[in-house]
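# Commentary on secondary and tertiary structure
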Amino acid sequence: MDKTWMFVDRTTSKYDDGVDSFIRFAIVNSDDSNVIRCPCTKCRNAKLLHPNVVKDHLFVNGVLESYTTWFWHGENISSVPIEEKIESDFEVGDGLNTVEMVDAVYRDYETKPDGFVKLLSDAEKPLYSGCTTFNVLSTLVRLYNLKTKHGWTENSFSELLSLIGDILPKENSLPTSIYEAKKTLSTLGMQYTKIHACPNDCILYRKEYENSVVCPKCGLSRWKVMKNHKVKEGVPANVLWYFPPIPRFRRMFGTKEIAKDLTWHDNKRQIDSYMRHPADSPAWKVVDHKWPDFGSEPRNLRLALSADGVNPFSNYSTQYSCWPVILATYNLPPWLVMKRKFMMLTLLISGPKQPGNDIDVYLAPLIDDLKELWEVGVDVYDAYKKEVFNLKAILLWTINDFPAYGNLSGCTVKGYKACPICGDNTVSQRLECSKKISYCGHRKYLPRGHKFRKQKKAFDGNEEHGLPPNPLSGEEVFEKVSGIHNEWGKSKKRKATRNNSDSTLSWKKKSIFFNLEYWKHLYVRHCLDVMHIEKNVCESLIGTILGIPGKSKDGLSAREDLEVMGIRDELQPQKEGEKTYLPAACYNMSRAEKKKFYTTLFELKVPEGYSSNFRNRVSMDELKLNGLKSHDCHTLIQQLLPIAIRGMLPKKVRYAITKLCLFFNALCNKVLDVNTLDGIQEELVTTLCLLEMYFLPSFFDVMVHLTVHLIHEVKLCGPVWFRWMYPFERYMKVLKSYVRKGNNVEGCIAECYIAEEALEYCAEYLKDVSAVGVPRNMNNLSSDDHGIGAGNVKLVDLKLLNQAHQYVLENTNEVEEYKDNISSNMRWISHGPQHQVIKYQGYMINGVRFHTKRHDDEHCYQNSGVSVVANTMLVSSAKDKNPIIVDMWYYGVIEEIWLLDYNALKIPVFKCDWVKNDGGVKVDDLGFTLVDLQRKGHKNDPFIFASQANQVFYIEDPENPKWSCVIENSHEKFGNSSNDDSSDKAMNLHFPAKSIPLVETIVNTLHDDESSYVRLDGEPMYID
């Protein structure tokens, strides 16, 4: 349809004919031919007028030139070419983009024309008279973007707006307060719905209860009851904040780049024997196989749901708990799936009490929308393919900590049947003295003929002939819970009634997720959270070997349980006169070993951004660890613990602990080789059996037991970093930061969330405005490689300069490849560098921050360690005529950072002190690489390109301080490397031992009659 008439003079015949064609088009597509919306510059589609009046307005006022898609007059948005750009008054800057941005949200304002008129006015209004670069909306978006990125307070932002308003010309249109700014931005954001709820969590006041004023289940008033027992009508006692996902999905597809990213899994994913994304997993593929119509449309969404409690008052109150429910979209590339921008808040359950098992009541609106997205679908416009299609979605699984796992799934997570995978077949026993449940019995998972199965004394005094339980399928679970009748509400003494109590011992309710037709057919419906399992196992392990009060699983009660069970006489409480003491177990450290352990952590220096400063976590006076966070436990068990215990504890215990750490490291890899998973599982089972031999039954709580099921979930669902709580916990912190007023916590979160939603939407249209929810890693772009701090120009020793220049010549590809064609860079390099170089204390390259050794000595982190792989010729002797070329690792520290100036180009190089490979580098029997940093070599070849350096850091070996253990820093990128940020890289850690022997090598040395429980050189613990 020709629309060029909209931009010609109103006195021409072309404009006259265009108006007539528009009026005819609008009447044909109008439900009422007597009224149509007026698109003149004053009415802006906000008024319904007679066609003749509209025609007059179009001649008197002119047509709204930005209204190039006649959506409100019946034009199908998919019929308009998106590439078609229409000229506007703004020839530079953000004006055109903001008008396009506002045009893209027509559909959201069909019922709110006044809001759209205000929004379009701000998009077209210059910031001040004569300004052609910025308009009101683009300026506000840019400023609010900075506020959100840098955490400015609302008061500071209001003062900034006021100051900028005073600086600008007097007749400027910039809002002067945060209230006005939010009011403008909220019109671009999606809306939310407040649904009243019963204070006892019995019902939501919707559907058949929409007009009720009293809960039909418990009789409580819908309205808030004041302290004087007066009912405050109109003020709800409890509110659910619902953020409908369907309009948000529409907006995602309405943005061209996001719509393109939502099909990454189909057209950009690498397909081989490795798992890098949930799309590589059987759980994804079973959906494609069972519902081929759904799987044939790559734009159909695969979702995950996470719910967890958050205390918005931080440490000021431990009682308040509101529950956000968040959706993640797996269609996106791996580097975007778990980013803040794509975390979709769908429900906000008001506090102060957590919903517990009654959370199903609050999930009902979301489940209704998910049912619609599965059964019917919704029509959505794809801005990338420029077409309307029917969008459907499936919820693959939920991601929660273990208590919330029980609330959402309906299974028991405490007591004898606490394992949701083993269910009724969970192997457990009550420890009478400790008054807790122990989950041993991992020999069931060993091969049939394994020697551990027949050993008695080393375990619980019995042989093991049982087999591991088979996890229940979704259909089997559905059959078990079908007979459970749910009764919601905190006032109910009995939450559910069972038709057959024997078959439902492990289930408390029938989950609302079974209302989804496909739910029972999914391989995995609720995921075990590796983050919390890893944290709990780490705390139990460290607390036990160090004897930390409150964290240790050892003690008088735990030893008395051995007496009750009739096992391990050597470890049972002993009498010495009137005193009772506990013999030192093989896992107990002596005081000297504890001091060495804590000293290692206290003196530890790691690369910047690797972890928190452990110096702040260690108390050398009390010999204890304080305030370990989840990520501290992650770095400890993945890398640091195996090094910190070197030379301590009996070798067999140290080995078993190291193997457990290796398991978690392998489990958390971003890229998984499917062919290795069975081997990892076998190693883990044997490791757990070794731990059962050395540690007390009280050590084996349900968290330790759950590790045996983690590989099974990896096989079905793919890498764990798409299914753990780290990104959701980080997002909870963001939601907590929204709270400004303690008397309306949820309202603050809701309003700030929709304001940030609008901001993220605007960032897609405005140039040079980066999204808040996809943070640019300050270290990640190769185009941003630069020196850190102010460089100093120095005249360097000519011999060193020649060495650096020689290295450049020998390692520049162009030198090796050129024949007749000599590149411009090669010509400049051939002239040699200037005698003066720029020296830096730090350099950022390839996403990694490097510093000199001198700089590190003055700071609490270590960024000077480097390694490089080089082709090296090896000969067996001077007479060897058949040398071989191999890749060899070299380790060193950065002494100086130079920027060589070749006039037209500058090349950064590192001058390093290298460790001599002959006698200065070794690998021990457990696979740890050790270096002697005092044994220096390769002095005639000290330089490398900065781009060649791999960052490592060194930890002094507790066993022999002359040596240092080498740990590689995690700086590998994934997929689109420029989008992988530091929070991702900090989670993917390399295990420090490269060739640790198999568990069987130590298993074969063990005998059933070996007394391996008591540590003869240990220190007994006396009981007061």
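First, a word on what this report is: a plain description of the structure on this page. (Residues numbered from 1 in each chain as written. Predicted model: local features only at pLDDT ≥ 70, side-chain atom pairs only at ≥ 80, totals over all residues. Heavy atoms only, no water.)

## Thoughts on the sheet that holds strand β19 (residues 574-576)
Read from one edge of the open sheet, three strands run β19-β20-β38, paired in antiparallel fashion. For this open sheet the edge positions go to β19 and β38 (1021-1023), each flanked by a neighbour on one side alone. For this sheet, the mean inter-axis angle between neighbouring strands, taken without regard to orientation, is 40 degrees. Of the strand pairs in this sheet, strand β20 (residues 579-582) and β38 are connected by three bridges, and their pairing is antiparallel. Bridge pairing in β38 links Y581 to Y1022. (Pairing = 2+ DSSP bridges. Helix = DSSP H or I, 4+ residues; strand = E, 2+ residues; numbered from the N terminus. Axes fitted to C-alpha atoms, helices over the stretch in contact; angles between N-to-C directions.)

## Remarks on the pairing of strand β37 (residues 964-968)
Burial of β37 is extensive: four of the five residues sit out of reach of the surface. The pairing of strand β33 (residues 929-931) with β37 spans two bridges and is antiparallel. By the bridge assignment for β37, L930 is matched with C965. With five bridges joining them, strand β36 (residues 950-956) and β37 adopt antiparallel strand pairing. When the bridges of β37 are listed, Y954 appears paired with V966. (Buried < 20%, exposed > 50% of the residue type's maximum accessible area, 1.4 Å probe, protein only.)

## Examining the sheet that holds strand β27 (residues 842-845)
If you trace the three strands from one edge of the open sheet to the other, you get β24-β27-β28, paired in antiparallel fashion. Looking at which strands have only one partner, the edges of the open sheet turn out to be β24 (786-788) and β28 (848-851). Here the average twist between neighbouring strands, direction ignored, is 25 degrees. The pairing of β27 with β28 spans four bridges and is classified as antiparallel. Bridge assignment links M844 to a residue of β28, and that residue is R849.

## Structural notes on a positive patch on the surface
Together, K916, K922, R935 and K962 make up a positively charged patch on the protein surface. Tracing the backbone shows K962 in the loop between β36 and β37. (Patch = residues over 30% accessible without salt bridge, like charges linked within 9 Å, V, L, I, M, F, W, Y side chains within 5 Å. Areas by Shrake-Rupley, 256 points an atom, 1.4 Å probe, with all protein chains shown as cover. Salt bridge = Lys/Arg side-chain N within 4 Å of Asp/Glu carboxyl O. Lys, Arg positive; Asp, Glu negative; His and termini not counted. Charge placed at Lys NZ, Arg CZ, Asp CG, Glu CD.)

## Topic: the packing of helix α8 (residues 245-254) against helix α14 (residues 359-375)
Viewed as axis vectors pointing N to C, α8 and α14 meet at an angle of 50 degrees, and their least axial separation amounts to 10 Å. By the angle between their directions, the pair α8 and α14 is classed as oblique. Residues P245, I246 and F249 of α8 form the contact with α14, whose participating residues are L366, D369, E372 and L373. A class-by-class count of the residues in the contact of α8 with α14 yields five nonpolar, no polar and two charged. (Parallel < 35°, antiparallel > 145°, perpendicular 65-115°, else oblique. Contact = heavy atoms within 4.5 Å. Nonpolar A, V, L, I, M, F, W, Y, C, P; charged D, E, K, R; others polar.)

## Quick notes on the packing of helix α17 (residues 530-546) against helix α21 (residues 651-667)
Contact geometry for α17 and α21: axes closest at 12 Å, N-to-C directions at 165 degrees. Here α17 is positioned roughly antiparallel relative to α21, judged by the angle of their axes. You can see that α17 and α21 cross each other, and the crossing is left-handed. Across from V530, E534, V537, L541 and I545 in α17, the residues of α21 making contact are I657, L660, F664 and L667. Split into classes, the residues belonging to the contact of α17 with α21 amount to eight nonpolar, no polar and one charged. (Left-handed = near helix turned anticlockwise from the far one by under 90°.)

## Topic: the packing of aromatic side chains
Applying the stated rule across the entire model yields 36 aromatic pairs. Note on Y330 and F722: the rings are 6.3 Å apart at their centroids and 80 degrees apart in plane angle, and the pair reads as edge-to-face. In this pair, Y330 is assigned in the loop between β9 (323-329) and α13 (334-337) and F722 in the loop between α24 (710-717) and α25 (726-737), connecting sequence segments 392 residues apart. Residues Y330 and F722 agree in their burial class; the two are buried. Centroid distance W374 to Y518: 4.7 Å. Interplanar angle 65 degrees. Geometry classified as edge-to-face. A residue pair is termed long-range when its members are at least 10 positions apart, and W374 in helix α14 and Y518 in the loop between β17 (496-498) and β18 (526-527) qualify at 144 residues. Side by side, W374 and Y518 carry an identical accessibility label, which is buried. Taken together, the aromatic side chains of W5, Y15, F22, F25, F59 and W70 make up a single cluster linked through ring pairs. (Phe/Tyr/Trp six-rings, centres within 6.5 Å; stacked < 30°, edge-to-face > 60°.)

## Quick notes on helix α18 (residues 556-565)
Regarding α18, the residues found buried are A558, R559, D561 and L562. Viewed along the axis of α18, the buried residues span an arc of 145 degrees, placing them on a single side of the element. Of the surrounding secondary structure, the elements contacted by the buried residues of α18 are β14 (429-431) and β20. Immediately beyond the C-terminal end of α18, within one or two residues, lies G566, with a positive phi of roughly 70 degrees. (Arc of directions from axis to C-beta.)

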